[in-house]
Amino acid sequence: MAPKSLRIEIRGRVALLTLNRPEALNALNSEMMDEVCDTVAKYGTDDKIGAFVLTGSEKAFAAGADIKEMQPQGYMDMYMSDFFNRWNELAALRKPVIAAVSGYALGGGCELAMMCDFIIAADTAKFGQPEITLGVIPGMGGSQRLTRAVGKAKAMDLCLTGRMMDAEEAERAGLVSRIVPAGELLETALAAAEKIAGFSLPATMMAKEAVNRSFEVTLEEGLRFERRLFHSLFATEDQKEGMSAFVEKRKAAFKHR
Ligand code: CAA
């Protein structure tokens, strides 16, 4: 069945996923979570896909988790369903994902963008964790990923006051990798994804794994982990091709394995 809250387009080796609930500023409900996670599971194991772009609309990447879905729920509903847990499947995806953010990325929207590997923001982007204004706190990783991305001072400020930060502030703080004019957001994100998808897939997957590992382990363990991954890439055809192409002064033609 075609997804209702998500548009999927395959552009070469890139899967472009567009959140599509304009009537609710792309508020993240359970249906959308299932559709996003089913889709990344499908293309995550498809050799023909080398990278993803996740985006929303011009007005909103996503204005948070769906407040209308959550409003009637009680503790047991949330606990027994382990509400939001399935979003971890996106965070655990092994292939690179770029978030292309225009407009609001609030609450779960900001947290969803932070589950991606990096964020390219339109100059109209606004980030925030306004859960405190609803009598709750971030529940999809905001208190953890935002703190790692921007440090304690700004994470506390955003989580405790619920204020938004614009694209400039988000880039200065290290949440966003680049800012582009709104009209160039999608082409910039797709070009970056296409570039990534053109490289050796095991190498891009291992680069992602190595960077993410730095959040979990000591420097010494992380360096050892990186070195072992580096060594293992010498078992790939793509290492032979990449290095031969450099020596022969030609463009590498990676087989992605
Ligand atoms: N959930 C459900 N519906 C939402 C929504 C959300 N998070 N955000 C917006 N909508 C709906 C509005 O209810 C409205 O629907 P109706 O026309 O049926 O009333 C529609 O989208 C358009 O929204 P607005 O009329 O409010 O648009 P605006 O331009 O005036 O304001 C906004 C935009 C400032 C983003 C405002 O919509 C807003 O504050 N949204 C909520 C932001 C928020 O609190 N997000 C956190 C949610 S909790 C969370 O995410 C928990 C977590 O950690 C995962």
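Residues numbered from 1 in each chain as written. Predicted model: local features only at pLDDT ≥ 70, side-chain atom pairs only at ≥ 80, totals over all residues. Heavy atoms only, no water.

> Describe the site of the ligand, listing the residues and the values that go with them.
Taken together, 24 residues lie near the ligand, and K59, G108, E111, E131 and G139 sit nearest. Interatomic distance of 2.7 Å between a side-chain N/O atom of K59 and an oxygen atom of the ligand. E131 has a polar side-chain atom sitting 2.6 Å from an oxygen atom of the ligand. Starting from 990 Å² of accessible surface for the ligand in isolation, the protein chains cover 66%. Looking at the shell around the ligand, the element that brings in the most residues is helix 2 (residues 67–70), giving 3 residues. (Near = heavy atom within 4 Å. Polar contact = N/O pair within 3.5 Å; in protein donor to acceptor, adjacent residues only side chain to side chain. Areas by Shrake-Rupley, 256 points an atom, 1.4 Å probe, with all protein chains shown as cover. Helix = DSSP H or I, 4+ residues; strand = E, 2+ residues; numbered from the N terminus.)

> Could you give an account of the side chain of T204, with specific residues and numbers?
By the secondary structure assignment, T204 is in helix 10 (residues 201–213). Those residues in contact with T204, other than ones at most four positions away along the chain, are P96, I196 and F199. (Contact = heavy atoms within 4.5 Å.)

> With reference to specific residues and values, describe the sheet that holds strand 9 (residues 164–166).
On the basis of which strands lie adjacent, the open sheet formed by 4 strands has the order 4-6-8-9 and mixed pairing. Strands at the two margins of the open sheet, each flanked by one partner only, are strand 4 (60–62) and strand 9. Sheet twist, expressed as the average angle between the axes of neighbouring strands with direction ignored, equals 20 degrees. Helix 5 (residues 108–115) rests against strand 4, strand 6 (104–106) and strand 8 (126–128) of the sheet, and its axis sits at about 90 degrees to strand 6. (Pairing = 2+ DSSP bridges. Axes fitted to C-alpha atoms, helices over the stretch in contact; angles between N-to-C directions.)

> Go over a nonpolar patch on the surface with me, naming the residues and quoting the values.
The grouping of Y75, M76, Y79 and M80 at the surface amounts to a nonpolar patch, some 540 Å² of accessible area in total. Mapped onto the fold, Y79 is located in helix 3 (residues 75–80). (Patch = residues over 30% accessible without salt bridge, like charges linked within 9 Å, V, L, I, M, F, W, Y side chains within 5 Å. Salt bridge = Lys/Arg side-chain N within 4 Å of Asp/Glu carboxyl O.)

> Please set out the packing of helix 10 against helix 11 (residues 219–232) residue by residue, giving values where relevant.
Interaxial distance between helix 10 and helix 11 falls to 10 Å at its minimum, and their mutual angle equals 170 degrees. Comparing the axis directions of helix 10 and helix 11 gives the class roughly antiparallel. Of the residues in helix 11, those touching helix 10 at M206, E209, A210 and R213 are F225, L229 and S232. Split by residue class, the contact of helix 10 with helix 11 holds 4 nonpolar, 1 polar and 2 charged. (Parallel < 35°, antiparallel > 145°, perpendicular 65-115°, else oblique. Nonpolar A, V, L, I, M, F, W, Y, C, P; charged D, E, K, R; others polar.)

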